[in-house]
Amino acid sequence: MQSPASSDLQNRLALVTGAGQGIGAACAAALSRQGARVICTDLDGQRACNTALRLGASAQAFTLDVTDSAALHALAARLPPLDILVCNAGIVRNTPAEEMSDEEWDTVLGVNLGGVFKTCRAFGRRMLERGRGSIVNIGSMSGMIVNVPQPQCHYNASKAAVHHLTRSLAVEWAARGVRVNAVAPTYIVTPLLQELEKEQTQMARWMTMTPQGRMGRPEEIAEVVAFLASDAASLMTGAIVNADGGYTCL
Ligand code: NAD
């Protein structure tokens, strides 16, 4: 009989994208608390450094744009193979579909979908060579429902695609020891949401649509990520785990 699966992340090397603030910073902290050595990356290198400084001496920070394949491959070549990869970096814009420019569509899809694919490809290769690894992508309930009233068809489409990319990579890589899962959060109190909700007018409506009647905290998403990253989730791959206060039940 094997020993029980563990949520302990001692001696694991983890990398988080978009770790400078919000959900990414909380993921870095949760993985570090469980014992992992965490590499914090962000488009904004100073923010990544700030997160790493809060984690202590074992953490490292790098400036990294998830749309930049060359930079992703260069960093993957420079680091030892990862045990854990969290693809968290993402952006949102609010524009009615009929007014949206090609540039805005390409930018949102480029970061949210292209960035997850390119990051998984760059760091996943080294995991596959070694025959083990756990990847957690940050999707969204927006990949399952359509948020109202804000118009964000590009964001919603990108997150639905992240969920199916997660399942596709999970199936391709399962037999080679690499698990790929995603978390689908509800509204979480982060700078991204605060920017979107400057006027505080939509919040009340969103809360009536949420059985738990509240928004989430970044730490609540990070706990789910840390679980999926760990051996406690050893039978899970291709799962899209809702962390949404019941929103998608309605
Ligand atoms: P945030 O804006 O607070 O933080 C995102 C971080 O990603 C920032 O530090 C930013 O510099 C970085 N970033 C942006 N573009 C990047 C790029 N090209 N390369 C690398 N880093 C980049 O966002 P958040 O609310 O913490 O969201 C994190 C993830 O969670 C996103 O994928 C988002 O879509 C998802 N999500 C958020 C919510 C929410 O309500 N906040 C809900 C569901 C899903």
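Look a little higher up for the structure.
Scope of this entry: the structure provided in the associated data block. As the structure is a computational prediction, the values presented were derived from the model and not from experiment.

About the criteria used
Residues numbered from 1 in each chain as written. Predicted model: local features only at pLDDT ≥ 70, side-chain atom pairs only at ≥ 80, totals over all residues. Heavy atoms only, no water. Pairing = 2+ DSSP bridges. Helix = DSSP H or I, 4+ residues; strand = E, 2+ residues; numbered from the N terminus. Buried < 20%, exposed > 50% of the residue type's maximum accessible area, 1.4 Å probe, protein only. Expected span 1.5 Å × (residues − 1). Contact = heavy atoms within 4.5 Å. Near = heavy atom within 4 Å. Polar contact = N/O pair within 3.5 Å; in protein donor to acceptor, adjacent residues only side chain to side chain. Areas by Shrake-Rupley, 256 points an atom, 1.4 Å probe, with all protein chains shown as cover. Nonpolar A, V, L, I, M, F, W, Y, C, P; charged D, E, K, R; others polar. Core = buried A, V, L, I, M, F, W, Y, C linked by side-chain atoms within 4.5 Å. Axes fitted to C-alpha atoms, helices over the stretch in contact; angles between N-to-C directions.

Some thoughts on the pairing of strand β3 (residues 60-63)
Moving on, step 1. Pairing analysis gives four bridges linking strand β2 (residues 37-42) to β3, with the strands arranged parallel. Considered in β3, the bridge of cysteine 40 is made with alanine 61.

Some thoughts on unusual backbone geometry
Trans peptide bonds make up most of the peptide bonds, and negative phi angles are found at most residues other than glycine.
Moving on, step 1. Cis rather than trans, the peptide bond between valine 148 and proline 149 has omega equal to 0 degrees.
Moving on, step 2. Relative to the assigned elements, proline 149 resides in the loop between β5 (133-138) and α5 (153-173).
Moving on, step 3. For asparagine 11, which is not a glycine, the phi torsion comes out positive at approximately 65 degrees.
Moving on, step 4. With a relative accessible area of 75%, asparagine 11 lands in the exposed category.

Digging into α5
Moving on, step 1. Given a rise of 1.5 Å per residue, 21 residues ought to cover 30 Å, and the 30 Å separating the end C-alpha atoms of α5 matches this to within 8%.
Moving on, step 2. Turning to α5, the residues buried within the fold contact α4 (102-130), β5, β6 (178-185) and β7 (240-243).

Comments concerning the site of the ligand
Moving on, step 1. The environment of the ligand is formed by 28 residues, the closest being Asp42, Asn88, Tyr155, Ile188 and Thr190.
Moving on, step 2. Here an oxygen atom of the ligand and a side-chain polar atom of glutamine 21 are 3.0 Å apart.
Moving on, step 3. In the environment of the ligand, an oxygen atom lies 2.6 Å from a nitrogen or oxygen atom belonging to the side chain of aspartate 42.
Moving on, step 4. The fraction of the free accessible surface of the ligand (830 Å²) that becomes covered by protein chains is 94%.
Moving on, step 5. Only α1 (22-33), α5 and α6 (191-196) provide two or more residues apiece to the shell around the ligand.
Moving on, step 6. Per-class residue counts for the shell around the ligand are 15 nonpolar, nine polar and four charged.

As for the nonpolar core
Moving on, step 1. By size, the foremost hydrophobic cluster in this structure holds 31 residues, and its most contacted members are Val16, Leu31, Val38, Val86, Val183, Ile221 and Val225.
Moving on, step 2. Every element with two or more residues in this core is listed here: β1 (13-16), α1, β2, α2 (45-55), β4 (84-87), β5 and α8 (218-229).
Moving on, step 3. It is α8 that contributes the most residues to this core, seven residues altogether.
Moving on, step 4. Here valine 183 is in contact with Val136, Asn137, Ile138, Gly139, Ser140, Ile221, Val224, Val225, Leu228, Val241 and Ala243, once residues within four sequence places are set aside.
Moving on, step 5. By size, the runner-up hydrophobic cluster in this structure holds 26 residues, among which are Leu85, Cys120, Ala122 and Val162.

So, the sheet that holds β2
Moving on, step 1. Strand order in the open sheet formed by seven strands is β3-β2-β1-β4-β5-β6-β7, with parallel pairing between adjacent strands. This sheet does not close on itself; its edge strands, each paired only once, are β3 and β7. On average, adjacent strands in this sheet sit at an angle of 20 degrees to one another, irrespective of strand direction.
Moving on, step 2. Across three bridges, β1 lies against β4 in parallel orientation. By the bridge assignment, leucine 15 is partnered in β4 with leucine 85.
Moving on, step 3. Relative to the sheet, α1 contacts β1, β2 and β4, its axis offset from that of β1 by approximately 170 degrees.

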